[in-house]
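Here is what each chain is made of, one letter per residue.
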Amino acid sequence: MVMPRLAALDRKLLRDLRTLWSQALTIALVVASGVAGFVTTLSAVDSLEQSRARFYQEARFADVFAALRRAPMSAVAGLQQIPGVAEVQVSVEFDVRVSLPGRSDPIVGHLIGLDPYRPLRLNLLTLRSGAAAEAGTHSPGRARSDGALPVWVSEVFAKAHGLKPGAAVSALINGRQRSLVVSGIALSPEYIFAGLWGMPDQRGFGVFWVDADALAASYDMQASFNRVAIRLAPGASEQAVIDELQRQLERFGARTAYGRHDQTSHAMLDNEIREQQTLGRFLPAIFMAVAAFLLHVVIMRLVSTQREQIAALKALGYPNQTIALHYLKLVGVIVLLGMVLGLMAGKVLGTLLVGLYQDFFRFPDLTHVLSARLMLLALSVTALTALLGTLNAIAATVRLAPAEAMRPPAPGRYRPTLLERAGLVRMGTALRMILRNIERRPLRSGLSVAGVAAAVAIVILGNFFRDAIDYIVDSQFNRVMRNDIAVWTLEPVQDHARLLLGRLTGVRAVEASRYVAVTLVHGHRRERTQIRGLDAQPDQLRIIDADNRAVNPDEDGLLLTDRLATKLGLRPGDMVRVEVLEGDMRTVQIPVVGTVRETMGLNAYMERRALNRAIGDGDLSTGFVLSLERGREDEVLEATREMPLVAGAFSKATMLRNMQDLSARNIRVVSTVLTVFAVVIAVGVVYNNARIALAERTWELASLRVLGFSRAEVSGLLLGELALIIALALPVGMGLGLALVHALTQALKSDAFFFPVVIQARTYAWAALTVTLAGLASAMVVRRRIDRLDMVAALKTRE
């Protein structure tokens, strides 16, 4: 007896799906959007984490790093005796200026010496191409007879400039121009992310591995080193090793020692992984909430329109559990379709996202990974959300008594609207009917407004990233950096160097700066950073807060970013211990005079001359920013190549162009995907509301047609209600979008970076236009159904 009953209910299930196919599809697409967002972001995280773990393990990535001026090889023995140290690797490394034939853009090259007789034990290289890769050698080789140095070059730089084995570039090595011949393309775990000062710049920064003896000879560094990499023993204390390493290397001018979490490449990758994990939880939650709402509304409507069928089934002996299971099956089919579509879309979008990451992070093998664990988690979360969304609606079928269900539902109670009762406005018949119907069901109307508002908010959220990046770029490159080029030195130099630069043809103004590596200590809290010494009233290199207001450094103490002050527990007026990590390694006490809210980094500022006095130095500088006459950039950059004091230079325009080329496409892709998801939500909410309203008011609309109302007038009643819901949802959605942006920026906030809450008027306009067009498309479909309304069938009374 059970099987026929189940078969009969299954046939009913198929009929219901055939009747509701368009509504089921739109709900499934909303579910698919949530699943796709969840799978896309978290599968990209899995892909990055697995590739990183594999690369770190295979390349034996170090745990602790240190930079110093110069230490003899005899110092290595002492480093190896530090408790907790498993392996020590030292090297000679220098930053140089690199030139490519036929190109004037400034390029910073980082040279790393490789000893052919002592192969790397840590930070192993992966050779991608070249004769060296085929031969399995440990270095690019000795200098050639013509003086040219064979080098291996980082893959991302080689790809950006089209360099292949045999290509030649030149580098200014300790004041001498040397030719570098590419003999191989390599990857290093130290430079998965490559760029200057935390900004992606594939064209302006490259890593070059060169013969260690040749590099050491160029800088008179034979039998010496200036970089240390350490691998810790299992269970070792990283901080204890860092402290002892710093102590031993202090007499050799150690600038700083730091762990892997502070290593630039690792920190950038780790920050991106945390951001994607946040997005993977934040965005899908919105989609799932909307999907749960739609499922609830559709099942409630289905139950209300199938009251007689439910009563008949109960009268025929079908138990409540079987009837509830029938409607659960209906939900399950819709959700299952959404899951399948979501997993497929998540796989495609995840592969696309990982492909975008390949422009930022270079691994030997970065492929998209969609694990069974993640799929199971996505399916479980989706199923649970659908169950919670429809539980109340399905429970209504169980509570419905057969005798009560046989009777048609009581007619709705209509009364004058609040506006009519208040006498505030006079309105026509059509508008009065629309407002009364909306007011009669405030909960459903409110949820409908909330659903459309969610679509508006998603569009705003997706395009917010574009607005924020535009704002940050404008702030950094037009307000902070008002100069044209910047140059820096290897060691602090007397300020008279500013006068030499100012005499170059085409230079209009020069400002000096002094950057000092320090550790700030307050109580038990410590933070490694730089104090940036600027002019008292800087014009070329300024301090700009998150609200685009200029702030001047102080002569009496430190100006800290608010996040750095909070991290150290400091307030204006407090004294902070400053441990200088260069020069004489002094420790001084400096007061905190204020804080500034910036978007990037944990920064500390002070007036340059006051900073020099505080640490016991003369009038020294480590960098200079230059403002140039129009069209003089190449000429000035070329002139600085002949100045021994200049270790490197960069062009603001070139860096901006390189960064925008890389980031503009990625931002465009993310915004487009989120906009598509928002359109799906808008169509799902508006279309389902329209279909439900049409099903519930079919008898009413047919009666109006019989009474002489035209198709347009009848359609206007139903579609006017939808238009009003959209009109109410737009401002609500804009407010919700702003609130979501605030919540997201707080969730993404880190020590290195935070997004300012900036939403342009164009984003609000685009969100309104997108949702309105989605509503119009839904309205056109519903209008066709109204025009084809079967009045005879609709007007049949239920007996």
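Treat the numbers as computed from the prediction; the structure is a model and nothing was measured.

Student: Looking at this structure, how should I read the sheet that holds strand β13 (residues 256–259)?
Tutor: Picture the strands of a sheet paired through backbone hydrogen bonds; they go either parallel or antiparallel. Spatially, four strands are ordered β2-β12-β1-β13 in an open sheet, and the strand pairing comes out antiparallel. Whereas interior strands pair on both sides, the edge strands pair on one side only; in this sheet they are β2 (85–91) and β13. Averaged over all neighbouring strand pairs, the angle between strand axes comes to 25°, with direction disregarded. For strand β1 (residues 64–72) and strand β12 (residues 224–232), the ladder comprises six bridges, and the chain directions are antiparallel. Bridging across to β12, Ala66 finds its partner in Val228. Contacts from helix α7 (residues 238–249) reach β1, β2, β12 and β13, with the element oriented near 165° to β13.

Student: Help me understand the pairing of strand β8 (residues 176–187), please; the structure alone is not making it clear to me.
Tutor: Every other side chain in a regular strand lies on the same face of the sheet, so the side chains alternate between the two faces. In terms of burial, β8 is largely enclosed, as nine of its 12 residues are buried. Where strand β5 (residues 126–129) and β8 come together, three bridges link them in antiparallel fashion. Paired with Thr126 across the bridge in β8 is Leu187. Bridge count between strand β6 (residues 149–154) and β8: six bridges; the pairing is parallel. Looking at β8, one finds that Pro150 is bridged to Val181. In this structure, strand β7 (residues 168–173) lies alongside β8, joined through six bridges in antiparallel fashion. Bridge pairing links Ser170 to Ser179 in β8. Adjacent in sequence and paired antiparallel, β7 and β8 are bridged by two residues, among which Asn174 carries a positive phi angle near 55°.

Student: Just checking my understanding: could you explain the nonpolar core for this structure?
Tutor: In globular proteins that are soluble, nonpolar side chains generally tend to be buried together. One finds Val452, Ile681 and Phe755 to be the most contacted residues of the largest nonpolar core, which totals 85 residues. Not counting residues up to four positions away in its chain, the partners in contact with Ile681 are Val30, Phe287, Val290, Gly451, Ala455 and Ile458. Core analysis: the next-biggest nonpolar cluster, separate from the first, contains 31 residues, Met481, Leu541, Ile544 and Met659 among them.

Student: What is the right way to look at the packing of helix α2 (residues 21–59) against helix α11 (residues 372–399) in this model?
Tutor: Relative orientation and spacing of two packed helices are given, respectively, by the angle between their axes and the distance between those axes. For the pair α2 and α11, interaxial distance at closest approach is 10 Å and the crossing angle is 150°. The pairing of α2 with α11 is recorded here as roughly antiparallel in orientation. Here the hand of the crossing between α2 and α11 comes out right-handed. Across the interface between the two elements, Val31, Val35, Phe38, Val39, Leu42, Ser43 and Asp46 of α2 pack against Arg373, Leu374, Leu377, Ala378 and Thr382 of α11. A breakdown of the residues in the contact of α2 with α11 according to their chemical character gives eight nonpolar, two polar and two charged.

Student: What am I meant to see in helix α9 (residues 307–315) here?
Tutor: For an α-helix, the turn length of 3.6 residues means that residues three or four places apart are oriented alike. Of all the positions in α9, only Arg307, Ile310, Ala311, Leu313 and Lys314 are classed as buried. Buried residues along α9 cover an arc of 160° about the axis, so they all sit on one side. After α9 finishes, the residue Gly317 shows a positive phi value of roughly 100°.

Student: What is the right way to read helix α19 (residues 633–641) from this model?
Tutor: Regarding α19, the residues found buried are Val636, Leu637, Thr640 and Arg641. Along the axis of α19, the buried positions cluster into a sector of 150°, meaning they face one direction only.

Student: Would you take a moment to explain unusual backbone geometry for this structure?
Tutor: What is expected of a backbone is that most residues other than glycine have negative phi and most peptide bonds are trans. Of note, Arg60 is a non-glycine position whose phi angle comes to about 50°, a positive value. Turning to its location among the elements, Arg60 is positioned in the loop between α2 and β1. Residues other than glycine seldom take positive phi values, yet Asn548 does so here, at roughly 65°. Residue position: Asn548 is located in the loop between β17 (543–544) and β18 (550–551).

Student: Help me understand the side chain of Asp211 in this model?
Tutor: Locating Asp211 in the fold gives a position in strand β11 (residues 205–211). Looking at Asp211, its side chain comes within polar contact range of the main-chain nitrogen of Asp213, at 3.3 Å. With sequence-adjacent residues up to four places away left out, Asp211 is seen in contact with Gly113, Leu114, Pro116, Pro140, Gly141 and Arg142.

Student: Would you mind showing me how to read the side chain of Asp63 here?
Tutor: Here Asp63 is to be found in the loop between α2 and β1. A distance of 2.9 Å separates a polar atom in the side chain of Asp63 from the backbone nitrogen of Leu232. Ignoring anything within four residues of it in the chain, the contact list for Asp63 reads Ile230, Arg231, Leu232, Glu238, Tyr258, Gly259 and Arg260.

Student: What exactly am I supposed to notice about a nonpolar patch on the surface here?
Tutor: Residues Trp21, Leu25, Leu29, Leu336, Leu337, Val340, Leu341 and Met344 make up a contiguous nonpolar surface patch of roughly 710 Å² in combined accessible area. Listed by contribution, the elements that provide at least two residues to the nonpolar patch are α2 and α10 (320–357). Considering the arrangement of structural elements, one finds Trp21 in helix α2.

Student: Would you explain the pattern of salt bridges in this entry?
Tutor: Any two side chains of opposite charge can pair if their charged atoms end up close together. Using the criterion set out here, one finds 33 salt bridges in the structure. The partner of Lys329 in a salt bridge is Asp10, and the shortest N-O contact between them spans 3.1 Å. In this pair, Lys329 sits in helix α10 while Asp10 sits in helix α1 (residues 2–19), placing the two residues 319 residues apart along the sequence. You can call Asp10 partly exposed: its relative accessible area is 31%. Between Glu93 and Arg227 there is a salt bridge, with the nearest N and O atoms lying 3.8 Å from each other. One end of the pair, Glu93, is in strand β3 (residues 93–99); the other, Arg227, is in strand β12, and 134 residues separate them in sequence. Among the charged side chains, a network of salt bridges with common partners joins Arg466, Asp467, Asp470 and Arg762.

Student: What's the story with the environment of Val335 in this structure? I'm lost.
Tutor: Assignment of secondary structure puts Val335 in helix α10. The class for Val335 is buried, based on a relative accessible area of 5%. Separated by 81 residues in the primary sequence, Val335 and Ala254 have C-alpha atoms spaced 60 Å apart. Not counting chain neighbours up to four residues away, the residues in contact with Val335 comprise Val31, Leu295, Thr382 and Ala386.

Student: It is not clear to me how the packing of aromatic side chains should be interpreted in this structure. Could you clarify?
Tutor: How two aromatic rings sit relative to each other is given by the distance of their centres and the angle of their planes. Throughout the structure, instances matching the rule amount to 14 aromatic pairs. For the pair Phe193 and Phe361, a centre-to-centre distance of 6.1 Å together with 45° between the ring planes defines the contact as tilted. With a gap of 168 residues between them, Phe193 in the loop between β8 and β9 (195–196) and Phe361 in the loop between α10 and α11 connect regions that are remote in the sequence. For the pair formed by Phe193 and Phe361, the shared burial category is buried. Ring centres of Phe465 and Phe755 lie 5.6 Å apart, and the angle between their planes is 85°; this geometry places the pair in the edge-to-face category. Pair noted here: Phe465 is in helix α15 (residues 442–480) and Phe755 is in the loop between α22 (711–748) and α23 (761–787), with a separation of 290 residues, a long-range link.

Student: How should I be thinking about the confidence of the model for the protein in this particular structure?
Tutor: Detailed conclusions should not be drawn from predicted coordinates in areas where pLDDT is low. Predicted confidence across the protein gives a mean pLDDT of 83, with 91% of residues reaching 70 or more. Across residues 1–5 the pLDDT falls below 50, and counting only partners more than four positions away or on other chains, this stretch makes four contacts in the model.

Student: Where do I start with the packing of α22 against α23 in this structure?
Tutor: Closest axis-to-axis distance for the α22/α23 pair is 10 Å, and the angle between their directions is 155°. Classified by the interaxial angle, the pair formed by α22 and α23 is roughly antiparallel. Seen from above, α22 lies across α23 with right-handed handedness. Between α22 and α23, the contacting residues are Arg711, Ala712, Val714, Ser715, Leu718, Leu719, Ile726, Leu730, Met734 and Leu738 on the first element and Tyr764, Ala768, Thr772, Gly775, Ala779, Val782, Arg783, Ile786 and Asp787 on the second. Of the residues that constitute the contact of α22 with α23, the class distribution is 13 nonpolar, three polar and three charged.

Rules used in this analysis
- Sequence order sets the numbering: in each chain, residues are counted from 1 along the sequence as written.
- Confidence filtering applies because this is a predicted model: local features only for residues at pLDDT of at least 70, side-chain atom pairs given and counted only at 80 or more, and all residues used for totals across whole chains, interfaces and linings.
- Calculation of side-chain values draws on the structure's entire complement of heavy atoms; hydrogens and water are dropped beforehand.
- Pairing between two strands is assigned when DSSP locates at least 2 bridges connecting them.
- Strands here mean DSSP runs of E at least two residues long; helices mean DSSP runs of H or I at least four residues long; both are numbered from the N terminus.
- Axis angles are defined between N-to-C directions and span 0 to 180 degrees, where every axis is a line fitted to C-alpha atoms and, for a helix, only to the segment in contact.
- Residue contacts follow a heavy-atom distance rule, with two residues in contact if any of their heavy atoms lie within 4.5 Å.
- Relative accessibility decides the category of a residue: with a 1.4 Å probe and only protein chains considered, values under 20% of the type maximum give buried, values over 50% give exposed, and everything between is partly exposed.
- What makes a nonpolar core is a set of buried Ala, Val, Leu, Ile, Met, Phe, Trp, Tyr and Cys residues whose side-chain atoms join them at distances within 4.5 Å.
- Each angle gets one of four labels, with under 35 degrees taken as roughly parallel, over 145 as roughly antiparallel, 65 to 115 as roughly perpendicular, and the rest as oblique.
- Should the near helix be turned anticlockwise from the far one by less than a right angle, the crossing is termed left-handed; should it be turned clockwise, right-handed.
- Residues are grouped as follows: Ala, Val, Leu, Ile, Met, Phe, Trp, Tyr, Cys and Pro are nonpolar; Asp, Glu, Lys and Arg are charged; all remaining types, including Gly, are polar.
- What the arc describes is the spread of directions from the helix axis to the C-beta atoms.
- Here a polar contact means two N or O atoms within 3.5 Å. Within protein one must be a hydrogen donor candidate and the other an acceptor candidate, and residues neighboring in sequence count only if both atoms are side-chain atoms.
- What goes into a patch is any residue over 30% in relative accessible area without a salt bridge, connected to like charges within 9 Å or, for nonpolar side chains (Val, Leu, Ile, Met, Phe, Trp, Tyr), within 5 Å.
- In short, Shrake-Rupley with a 1.4 Å probe defines the accessible areas, and a residue's cover is counted only from the protein chains shown.
- Salt bridges are defined by distance alone: a side-chain nitrogen of Lys or Arg within 4 Å of a carboxyl oxygen of Asp or Glu.
- Here a pair means two rings of Phe, Tyr or Trp (six-membered ring of Trp) with centres within 6.5 Å. Their orientation is stacked below 30 degrees between planes, edge-to-face above 60, and tilted elsewhere.
- Values of pLDDT, ranging from 0 to 100, describe the predictor's confidence in every residue of the model.

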